[in-house]
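Here's the letter readout for the chains.
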Amino acid sequence: MLSSNKSLGYLAVLAAVFILIAFGLVLFYAPVEQNMGMVQKVFYFHVAAAWLGMLGFVVAAVCAVLYLRIGKLGLDAVAASSVEIGLLFTAIANFTGMIWARPVWNTWWTWDPRLTTMTIMAFTYIAYFLLRRGIDDPVKKARFGSIYLIVGFVTVPLTFFSARLLRTIHPTIFGGANTGEMAMTAEMYFTMGFSICAFSLLFVVLLLARSRLKISEQLLTEREMLEQEEEFGEVSGG
Amino acid sequence: MKNWFSTLKTLIWKDLLQEWRSKDMLTAMLAFAILSIFIFNYAMELDPRQRAELAPGILWVVVTFSGTLGLNRSFVAEQEQGSFDALVMAVPGLGSIWLAKQVSNFLMMLVLIIIVLPVYSLLYNQNLLVPGLIFTLMLGAWSFSAAGTLLASMTAQTRMRDLLLPVLLFPILMPVNMAVVKAGAGIMTGAALATYQVWLSLLLVYGIIMTTISLMVFDYVILE
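Residues numbered from 1 in each chain as written. Chains lettered and ligands numbered in written order. Predicted model: local features only at pLDDT ≥ 70, side-chain atom pairs only at ≥ 80, totals over all residues.

Draft legend 1. Just the overall build of chain A, in detail. Tallying secondary structure elements over chain A gives six helices and zero strands in all. When the helices and strands of chain A are placed in sequence order, the string is α-α-α-α-α-α. Of all 238 residues assigned to chain A, the portion counted as buried reaches 34%. (Helix = DSSP H or I, 4+ residues; strand = E, 2+ residues; numbered from the N terminus. Buried ≥ 20, exposed ≤ 12 C-beta atoms within 10 Å, placed from the backbone.)

Draft legend 2. Looking closely at the overall build of chain B. Across its full length, chain B carries ten helices and zero strands. Sequence-ordered secondary structure for chain B, helices as α and strands as β, is α-α-α-α-α-α-α-α-α-α. Against the globule reference of 17 Å for 224 residues, chain B gives a C-alpha radius of gyration of 18 Å, in line with a compact fold. When the backbone C-alpha atoms are referred to their principal axes, chain B occupies close to 55 × 35 × 30 Å. The buried share of chain B, taken over its 224 residues, is 43%. (Rg over C-alpha atoms; globule rule 2.2 N^0.38 Å.)

Draft legend 3. Geometry of the confidence of the model for chain B. Per-residue confidence for chain B gives a mean pLDDT of 88, with 99% of residues at or over 70. Here the predicted complex scores 0.87 on pTM and 0.89 on ipTM. (pLDDT = per-residue confidence, 0-100.)

Draft legend 4. Representation of unusual backbone geometry within the structure. All names here are of chain B. Even without a glycine there, the phi angle at lysine 23 is positive, about 55°. On the basis of neighbour counts, which here come to 10 C-beta atoms within 10 Å, the residue lysine 23 falls in the exposed class. Here the phi dihedral of asparagine 125 falls at roughly 50°; this positive angle occurs in a residue that is not glycine. Inspection of the secondary structure puts asparagine 125 in the loop between helix H6 (94-124) and helix H7 (131-155). In this structure asparagine 125 comes out as exposed when scored by C-beta crowding, with 8 C-beta atoms within 10 Å.

Draft legend 5. Representation of the interface of chain A and chain B. Each partner contributes residues to the interface: chain A has 22 residues there, and chain B has 22 residues. For the side of chain A that touches chain B, the secondary-structure elements that each account for two or more residues are helix H4 (113-133) and helix H5 (138-166) of chain A. Split by residue class, the side of chain A that touches chain B holds 15 nonpolar, six polar and one charged. (Contact = placed C-beta atoms within 7 Å. Nonpolar A, V, L, I, M, F, W, Y, C, P; charged D, E, K, R; others polar.)

Draft legend 6. Geometry of the packing of H5 of chain A against helix H10 (residues 193-222) of chain B. It is at 10 Å that the axes of H5 of chain A and H10 of chain B come closest, and there the two elements cross at 175°. Overall, the two elements H5 of chain A and H10 of chain B adopt an arrangement that is roughly antiparallel. From H5 of chain A, Arg143, Ile147, Ile150, Val151, Val154, Leu158, Ser162 and Leu165 of chain A reach across to H10 of chain B, where they touch Val198, Leu202, Tyr206, Ile209, Ile213, Val217, Tyr220 and Val221 of chain B. Residue classes in the contact of H5 of chain A with H10 of chain B are distributed as 14 nonpolar, one polar and one charged. (Axes fitted to C-alpha atoms, helices over the stretch in contact; angles between N-to-C directions. Parallel < 35°, antiparallel > 145°, perpendicular 65-115°, else oblique.)

Draft legend 7. Just the packing of helix H2 (residues 24-44) of chain B against helix H3 (residues 48-73) of chain B, in detail. Residues and elements named next belong to chain B. One can describe the packing of H2 onto H3 by two numbers: an axis separation of 9 Å at closest approach and a directional angle of 150°. Taken together, the axes of H2 and H3 are roughly antiparallel relative to one another. You can see that H2 and H3 cross each other, and the crossing is right-handed. For the pair H2 and H3, the contacting residues are Asp24, Met25, Ala28, Met29, Phe32, Ala33, Ser36, Ile37 and Phe40 in the first and Ile58, Val62, Phe65, Ser66, Leu69, Gly70 and Arg73 in the second. The residue makeup of the contact of H2 with H3, split by class, is eleven nonpolar, three polar and two charged. (Left-handed = near helix turned anticlockwise from the far one by under 90°.)

Draft legend 8. Representation of the nonpolar core within the structure. Core analysis: the largest hydrophobic core is formed by 121 residues, its most contacted members being Ala64 and Ala79 of chain A together with Val116, Ala147, Leu168 and Leu203 of chain B. A per-element tally of this core places helix H2 (residues 42-70) of chain A first, with 16 residues. Not counting residues within four places of it along the chain, the set of residues in contact with leucine 203 of chain B comprises Leu139, Gly140, Ser143, Val176, Ala179 and Val180 of chain B. (Core = buried A, V, L, I, M, F, W, Y, C linked by C-beta atoms within 7 Å.)

Draft legend 9. Spatial organisation of the environment of valine 62 of chain A. Residue and element names in this part refer to chain A. Within the secondary structure layout, valine 62 lies in helix H2. In this structure valine 62 comes out as partly exposed when scored by C-beta crowding, with 16 C-beta atoms within 10 Å. Separated by 87 residues in the primary sequence, valine 62 and leucine 149 place their C-alpha atoms 9.3 Å from one another.

Draft legend 10. Summary view of helix H1 (residues 2-22) of chain B. Residues and elements named next belong to chain B. With 21 residues, H1 extends 31 Å between its outermost C-alpha atoms, agreeing within 8% with the 30 Å of an ideal straight helix rising 1.5 Å per residue. For H1, every residue scored as buried is listed here: Leu11, Asp15 and Glu19. What you see down the axis of H1 is that its buried residues fit within an arc of 70°, all on one side. Along H1, exposed side chains directed more than 90 degrees from the buried face belong to Lys2, Asn3, Phe5, Ser6, Trp13, Leu17, Trp20 and Arg21. (Expected span 1.5 Å × (residues − 1). Arc of directions from axis to C-beta.)

Draft legend 11. Up close: the environment of aspartate 47 of chain B. One can find aspartate 47 of chain B in the loop between H2 and H3. As for aspartate 47 of chain B and phenylalanine 144 of chain B, which are separated by 97 residues in sequence, their C-alpha atoms are 29 Å apart.

Draft legend 12. Local environment of the environment of phenylalanine 18 of chain A. Residues and elements named next belong to chain A. Tracing the backbone through its elements, the reader meets phenylalanine 18 in helix H1 (residues 5-29). C-alpha of phenylalanine 18 to C-alpha of phenylalanine 194: the two residues are 176 residues apart in sequence and 8.3 Å apart in space. Among all residues touching phenylalanine 18, those that are not within four sequence positions of it are Cys197, Ala198 and Leu201.

Draft legend 13. A look at the confidence of the model for chain A. When pLDDT is averaged across chain A, the result is 84; 89% of the residues are at 70 or more. Confidence drops under a pLDDT of 50 for residues 175-180 of chain A, and excluding neighbours within four residues, the segment shows six contacts in the predicted structure.

This is how it looks when you write it as structure tokens:
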């Protein structure tokens, strides 16, 4: 179902090249922002990482719905892998955000809706893994995991909405309000777009690799369970 | 439809009767709730001037924490006695099992709120028996038990059970927490309805969404 070792390898190399080019663009092509200086450069990876965080969770939720509909365990493997990757990049987005926020906002952390929502979303998905760990039966694990993903996916926008009602100081880049808006040049937009594309490619590579591993694990567990049953059958039969 | 309602009524009655006979859940919840109110007194050194604004928040923390204790127990009886399979076979629509549990958990939360409100009012010398606040807490309690009942039905079947429920439940409940606290503070400080109306709408929307999702996915929780 998923691509072969070789093509996955090529894709990984391609992703690496893209990420390197993105690095180059960020360092040498994109102009230095007037007010914030060099620290603003973290923004290109911050936005890309945050995008992957969201993407990971969207993909996972779609796979969860599909799993409950179709019941193929492979879909659950993709969902779980997607959450793992999403969680990793949410953490990266949070940390790069902190590096930026310290000089610009003069604090590591603030109770801004985006920060709060991203963190609560991360907690939702950490809980997802705890839930999975507590269940041995792979089918039940997949089913409960999918249900929790769906519930989590529905409540995250509500959390965002309610946090937004309280306050925001986070800069808005896309069609946002006037407050705290960053003026971006064409080079900056291009660098950001490129870096988002490069990260998305990385996401595809990671997702394919991780899902393959998980599917292999599932097959292994299945085989082990079958063998155990056979052994048990022989013992009780004999 | 009539059949469905009578099933629902029987199931709710069963849960309430069971609780009435043992009183395990309610006594533990109440004791915990009242103890927490005492702890808050020493933890926060509540200044009378700040109380009006803080009371709904404290109250909601007390109610959700003790409510979680109760939720943890809500599927244990079925699990321990192994009567869940029998229940699944006996009941025509699986959704009604969830709804019955949800309603009985909600009623349990209401009892808790009805007892905790006067106790808090008495201990802190501040009248919390305000219709608006009670209404907000009721809306919150419905959302809380809707999300909680669904998750408890899953955690009851895992290895970590009680440990797991709060970790799963609290991130999901974040909008409810914010809405109850904000709407409650608005009511207690006598703000205009327009300033906190949006929070009440949010509570209503959350309750409807969570109820719908639970009814939709509960089949997958119990089907083997």
